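# An overview of the molecular structure
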Amino acid sequence: MAGRINDDDVKAVRDAVPIDSVVSEYLQLRNAGGGNLKGLCPFHDEKSPSFQVSPSKGLFHCFGCQEGGDTIAFVMKIDHLSFSETVERLAAKAGITLRYEEGGYNPSHQRGERIRLIEAHQAAAEFYVRALESPEAEIGRTFLAERGFDQDAAAHFRVGYSPAGWDHLTRYLRGKGFSDKELITSGLSQDGRRGPIDRFRGRLMWPISDTAGDVVGFGARKLRDDDNGPKYLNTPETPIYKKSQVLYGIDLAKKDIAKASRAVVVEGYTDVMACHLAGVTTAIATCGTAFGNDHIKILRRLLMDNGSARVIFTFDGDAAGQKAALRAFEDDQKFAAETYIAIAPDGMDPCDLRLVKGDDSVCDLVEPRTPLFEFALRQIVGRYDLETPAGRAAALDEAAAVVAKIKTSSVQREVAVQLAGLVGILDQEFVVRRVAQLARWARDKGGDHGERGGRGGPQGGRGPRGGAPQQAAPAPAFSGPALNLRSPAHRTERELLKLALQKPALVSPAFDAYGVDEFTAPPYAAVRQCIEEAGGAEQGVVDDRAYLGAVLDAAPDNTVRNLVTELAVEVFHGKSIDETYAGMHLVHVRLRAVDRRIADVQSSLARLGTNVAPQDLAAAQNEVWVLQQYAQTLRAHGAAAL
């Protein structure tokens, strides 16, 4: 087997792939000040961005869930890869050839499972694209042409064709070095009576990519009447394909979704194609499943949940489309964005609309939109006879239960007032009270535990600058009090450690003379120990990236490691971060350490009373005098006395 990856190559990969470019493949980043970027954390649900990236340090940290690390750690966490798989993936992105300590280059059959499965899908996508040009695929080309898609459109979306034979793709991928086990695991092949056969045969093929742009599955459309399978057949659940966690077209749409703060959710592959070709380049679609929680999480990270964000659903106007809209409304509040529904007057989907009325009609479709809650309530109310008191009461009961699920009281009241108008009840306050009553009943039954938001555990409070938590739990390996940023000592120690990690030139070499015991908070003492083991802040002046990597490597556990990344990306509290600012914190930490030592010695003398030996008393008194003089000098001359 190939050995461990050469350390120099790992460092080269870290340096070559900017962390902000990698993170931006998964979520939208915005300026956070101080050279940092911020976004909604991809590792936990939150309503406001607490996830920060420091491009200059090559680190990320979430102040909500405390996840943190470098580019490699981010990719490992978000894509569930091993260390070697991640380095190999990033190395391929950067064009770096990796060396292995025990000799040779990494043979393809020794690569990690995820990378192998993605490589198999990439090879399959290329195979299908070429097959679309074959005489057999004429039926597929005709299908596309009849829907207004020419050769360039097919190429842009990498649409392909799976040959009708039993094992064309299977034999092709075997020739590329993929094992039968890998082909079955990937979902590209399935077990036949005489071995693996192609899962997709005689169908039009759409590659489904994840947010990073890797092909992880396929959607296959039936073309022939003698095909007894379903109209659309998707890749089964595999280690890299979870249908509830992918959105078709997200790789093409993500940049425009982030830029425009708008996403258009359509129902099929051809609808996505039609929208993009018509100029609605924020269109995406689910893949054989209803729009759900995981899809919402993907979009929220791209939309950043700002006040102008919009999500527009273009469900069909038929009963199934209306049902889908009502289901989407159930998840509406998980967006901070405004949600709307757009249905063509004649009920056509975007693909048919473009074919019949042209590109402009598709663009126009998503403009005169209806708020999703209004559409959902109209669908409910429309099932009852509002001309009778009994009909109005029944409509109110069903619709009010839906409105009661709205957690924000002001929004709940506003929608309740609109519901009164829809049902035809003049007493708006009666409807408002009814909705509030249903909401209280739901809470009493435990049906509503309030917003779960984005703050896990006791670290939810945030500082006045939105940076660090007000209260952080102590690390498991620590003994002593929890961090409390209302404590001046803890605030100063935290700021000094941030200086040592982010701007080591401002505190070096003085900082390196500080003992671990000068940091009163045990977690901060642990970080100070890591800096010492990494060679001190002086190393950061020589090579900032290597220094931070060494500090992280010195961390005894993930708790300390996460605190290091937190301190390495957190913004400073001062306006001017210069030598004066650094000197002030150096002096304050040292002064408090001196004062504590004076107090300790005096306390010991007081406890011993007359039982202390004369020579010990003299030594202690001399130490107190020396410390007091040093403290006076520090107060008088500041950092110059260090």
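Residues numbered from 1 in each chain as written. Predicted model: local features only at pLDDT ≥ 70, side-chain atom pairs only at ≥ 80, totals over all residues. Heavy atoms only, no water.

Once that is clear, we can look at helix 25 (residues 558-569). For helix 25, built from twelve residues, the straight-helix expectation of 16 Å at 1.5 Å per residue is met to within 8% by its first-to-last C-alpha distance of 17 Å. Burial analysis of helix 25 places ten of its twelve residues in the buried class, the great majority of the element. Taken as a whole, helix 25 has its buried residues at Val 560, Arg 561, Asn 562, Leu 563, Val 564, Thr 565, Glu 566, Leu 567, Ala 568 and Val 569. One side-chain oxygen at the N-terminal end of helix 25 lies 3.1 Å from the backbone nitrogen of Thr 559; it belongs to Asp 557. (Helix = DSSP H or I, 4+ residues; strand = E, 2+ residues; numbered from the N terminus. Expected span 1.5 Å × (residues − 1). Buried < 20%, exposed > 50% of the residue type's maximum accessible area, 1.4 Å probe, protein only. Polar contact = N/O pair within 3.5 Å; in protein donor to acceptor, adjacent residues only side chain to side chain.)

Before going further, it helps to spend a moment on the sheet that holds strand 3 (residues 51-54). Read from one edge of the open sheet, five strands run 1-2-3-4-5, paired in antiparallel fashion. A single partner strand is all that each edge strand has here, and the edge strands are strand 1 (30-33) and strand 5 (68-70). Each adjacent strand pair in this sheet contributes to an overall mean axis angle of 25°, direction not counted. One ladder, built from three bridges, connects strand 4 (residues 59-62) with strand 5; its direction is antiparallel. Within the sheet, the bridge partner assigned to Phe 60 lies in strand 5 and is Gly 69. (Pairing = 2+ DSSP bridges. Axes fitted to C-alpha atoms, helices over the stretch in contact; angles between N-to-C directions.)

Describing two packed helices takes the angle between their axes plus the distance from one axis to the other. Between helix 1 (residues 7-16) and helix 4 (residues 83-94), whose axes approach to 9 Å, the crossing angle comes to 55°. One element, helix 1, and the other, helix 4, form an angle in the oblique class. For helix 1 against helix 4, the interelement crossing comes out left-handed. Within the contact between the two elements, helix 1 uses Val 10, Val 13, Arg 14 and Ala 16 and helix 4 uses Phe 83, Val 87, Leu 90, Ala 91 and Ala 94. Classifying every residue of the contact of helix 1 with helix 4 gives eight nonpolar, no polar and one charged. (Parallel < 35°, antiparallel > 145°, perpendicular 65-115°, else oblique. Left-handed = near helix turned anticlockwise from the far one by under 90°. Contact = heavy atoms within 4.5 Å. Nonpolar A, V, L, I, M, F, W, Y, C, P; charged D, E, K, R; others polar.)

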